[in-house]
Amino acid sequence: MSRPEVDLLDSLSAELSQQLKDYEDQALLEMIRPNLASQFVQDAPELAKFREAFAQRDSMDDMEFLRIFREFIPTTNYEAYRPFIAKFFVTPCKEADVKNMFAPGLPYFFAMSSMTSGKSVKTFPRYRPPPHLLQHPLYLALPLSKGTTLSPASMRYSQILKIDCEDGQSKQVTVCSLSIGFLRMAMNWDAEHDNERLDLWLPGQTDPYAISLVKSYRAFFVLNALFALADRRVTTIRFFFANVFVNFLQYIEDEWSLLVDCIEKGIIPEIENLDHLRAPLEKLFKPNPLRAAELREIGPPGIQGWAVSVWPDLERFFGITGGPAAAAVPKACQLTHVLGPSIPTQATGYGSSEGSIAIPYHKGNPNSDYKVAFADVFTEFLDVRSNEPSERLLSVYELVTGGHYEPVLTTRNGLWRYRLGDVIAVKGFAPDDGLPVINYLHRRDGGLVMAFGTTCTESQLTDAIVSAAKRWIGQIIDFTIVGDDRDTPITYGYLIEIGGEIGKDARMATQQTFEDLMAANDEYRTAFWQGRARKPTIRLLEKGTFAQYRQQKCNKTNVSISQVKVPVVLSDLAFREMLLEQVIIEL
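1. Examining the side chain of Arg126
Okay, step 1: You can see Arg126 is positioned in strand β3 (residues 123-126).
Okay, step 2: A residue is classified by how much of its surface remains accessible, and Arg126, at 1% relative accessible area, is buried.
Okay, step 3: Contacts of Arg126, omitting those with residues within four sequence positions, involve Pro107, Tyr108, Phe109, Ala111, Leu178, Phe182, Ser353, Glu354, Gly355, Asp376 and Asn413.

Shown next as structure tokens:
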């Protein structure tokens, strides 16, 4: 499907710059004024100079208030917030000790970080936003659709925090993934009463509520596939990561005969660990021999446009296709091949557990172009290429096309100039309002530092293996990179899982990956010619290895099944050893 012409501005007119300044000031005031009385603002050592400057003035107008913010609030990281967040996790937890901790009142839930780095879990309080924002695209838990939506959602949570309230009651706060927290908030679904909703089946969704409580990774996807295949009215497919949809298709292919037989007979297959969830699912699933016959005629995933054959009303696909997910997307025989040329794909937005930063820019490439939005967060930027002091923050109207920046967030939920650690590139500026259109590049500290003292970025490492696989290896299902220290010096060790047959000249992939990294990174190229670096290595893993990784990650962290992502660079030693045990061949 053809994309609209990109009509971005390379620079801002004086009028648009002033318009953005006014918009910034209004958005920032809306974010920070309600949080001035928070415990964090009153007690955090990092904000001492801000408090002092604020106290010296008996009264001030909005412009003076903003000036003090910009002059005296430093950039912060998670360590500044950790002792305040820890108060929610003590037992007993008293309302008086945590009320107004970061924003007015108590959090609705805590969002868990994605935990791809192997470091300790970070949790971020999320408060209920103003009512007018609940319909903003950044907060929508379920996509708007005129038909049925295939959007697997796992209601798994890490834990439930109990807060003893002053009125003698208690409040439960769930620790879970961001999207599930938003869904629970939008639907008022508290975890305490999950088992009372086992017979619930929301209109317009392929999956009954009971599936969202399934703990087994395989069972979760097989059951979602069963109910989705049984419903030919699907108009929208939504997966948080597009490569998880590729894994979903693999389960359909592997279990095709079983799934179709179950649809014909109206039975739930014998799947592990269903326990009390089997009965409500059996009650909701009915025999459909006509649909089963139709599916047998179509066959399992393979033909171009398979998804449209199975779901004739399908209109669009939502899912993140950039970053690590890119490895599963470019090859025609996977996502685009299965969807067919008539189905557009787009990302859901750009953000993190800390806050939602940007929405898809539909006049560009909605898979990778995002327009900054000041709805959930107020964003400033650090120039990652600048030699100026790191505290020099830029406003949106100070950015330049082609520049690389790290977002710094001030949020409704009580983060103050929080360094996100991502690197984005500015593609240009939207002509209607001047807001920057950006592309995500990589984590600022997400590369793998080799013995030769340089780091190829996540995007460079990803682009190199995607290009090599497309030409020489075959379709990548998933990949990660570990430090390969079997020889000296240490080098980048790719661990990849492919779908289908390996290319006959797959051994050429290592050389192409090496050449692409040499072309992309000057420091790597210099280190190689000085004998301080060597070629990367590529090892293939057994089929199903990364599904096993996701299952173990779910079991370890209780993060939502549908949101576990494989890191570009893996530092967790236990998971590293697990993957290395599954190596079947080295190229």
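2. Focus on the nonpolar core
Okay, step 1: Leu229, Ile237, Trp306 and Trp311 are the most contacted members of the largest nonpolar core, which totals 84 residues.
Okay, step 2: For this core, the element with the highest residue contribution is helix α8 (residues 217-230), accounting for twelve residues.
Okay, step 3: In this structure, Ala53, Phe102, Ile163 and Tyr418 belong to the second largest nonpolar core, which totals 64 residues.

3. Considerations on the sheet that holds strand β19 (residues 475-484)
Okay, step 1: Strand order in this open sheet of four strands is β19-β20-β21-β22, and the pairing throughout is mixed. The open sheet has two edge strands, β19 and β22 (583-586), and neither has a second partner. Taking the axes of each pair of neighbouring strands and ignoring which way they run, one obtains an average angle of 30 degrees across the sheet.

4. Quick look at the state of the cysteines
Okay, step 1: In this structure the tally under the stated criterion is zero disulfides.
Okay, step 2: The thiol of Cys165 is not disulfide-bonded; the next cysteine sulfur, from Cys93, is found 9.2 Å away.
Okay, step 3: Look at Cys165 and you get buried, because its relative accessible area is 18%.

5. Remarks on the pattern of salt bridges
Okay, step 1: Taken as a whole, this structure holds 33 salt bridges when the rule is applied.
Okay, step 2: A salt bridge links Asp194 to Arg197, with the shortest nitrogen-to-oxygen separation between them at 2.8 Å.
Okay, step 3: Judged by its relative accessible area of 6%, Asp194 falls in the buried class.
Okay, step 4: Salt bridges sharing partners connect three or more residues here, namely Asp484, Arg486, Arg539 and Glu586.

6. Remarks on the sheet that holds strand β5 (residues 159-164)
Okay, step 1: Ordered by their spatial adjacency, five strands build an open sheet running β1-β5-β6-β2-β3, and the pairing between neighbours is mixed. The two strands at the open ends of the sheet, each matched to only one other strand, are β1 (93-94) and β3.
Okay, step 2: Sheet topology places strand β2 (residues 109-112) next to β3; four bridges connect them, and they run antiparallel. In the strand pairing of β3, Phe110 is matched with Pro125.
Okay, step 3: Contacts from helix α7 (residues 178-187) reach β2, β3 and β6 (170-176), with the element oriented near 155 degrees to β2.

7. Remarks on α8
Okay, step 1: Here α8 is 14 residues long and its end C-alpha atoms lie 20 Å apart, about the 20 Å a rise of 1.5 Å per residue gives.
Okay, step 2: The buried count for α8 comes to 13 of 14 residues, which makes it a mostly enclosed element.

8. Here we look at the pairing of β2
Two faces make up the sheet, and in a regular strand the side chains alternate between them.
Okay, step 1: Side-chain alternation along β2 places Phe109 and Ala111 on one buried face and Phe110 and Met112 on a second face that is also buried.
Okay, step 2: Inspection of the sheet shows β2 paired to β6 by three bridges, in the parallel sense. Its bridge partner lying in β6, Phe109 is registered against Thr174.

9. What about the pairing of strand β8 (residues 316-320)?
Okay, step 1: A large share of β8 lies buried, amounting to four of its five residues.
Okay, step 2: Pairing analysis gives four bridges linking strand β7 (residues 234-241) to β8, with the strands arranged parallel. Residue pairing for β8: Phe241 is matched across the bridge by Ile320.
Okay, step 3: Note: β8 against strand β9 (residues 345-346), two bridges, orientation parallel.

How each quantity is defined
- Residues numbered from 1 in each chain as written.
- Predicted model: local features only at pLDDT ≥ 70, side-chain atom pairs only at ≥ 80, totals over all residues.
- Heavy atoms only, no water.
- Helix = DSSP H or I, 4+ residues; strand = E, 2+ residues; numbered from the N terminus.
- Buried < 20%, exposed > 50% of the residue type's maximum accessible area, 1.4 Å probe, protein only.
- Contact = heavy atoms within 4.5 Å.
- Core = buried A, V, L, I, M, F, W, Y, C linked by side-chain atoms within 4.5 Å.
- Pairing = 2+ DSSP bridges.
- Axes fitted to C-alpha atoms, helices over the stretch in contact; angles between N-to-C directions.
- Disulfide = S-S within 2.5 Å.
- Salt bridge = Lys/Arg side-chain N within 4 Å of Asp/Glu carboxyl O.
- Expected span 1.5 Å × (residues − 1).

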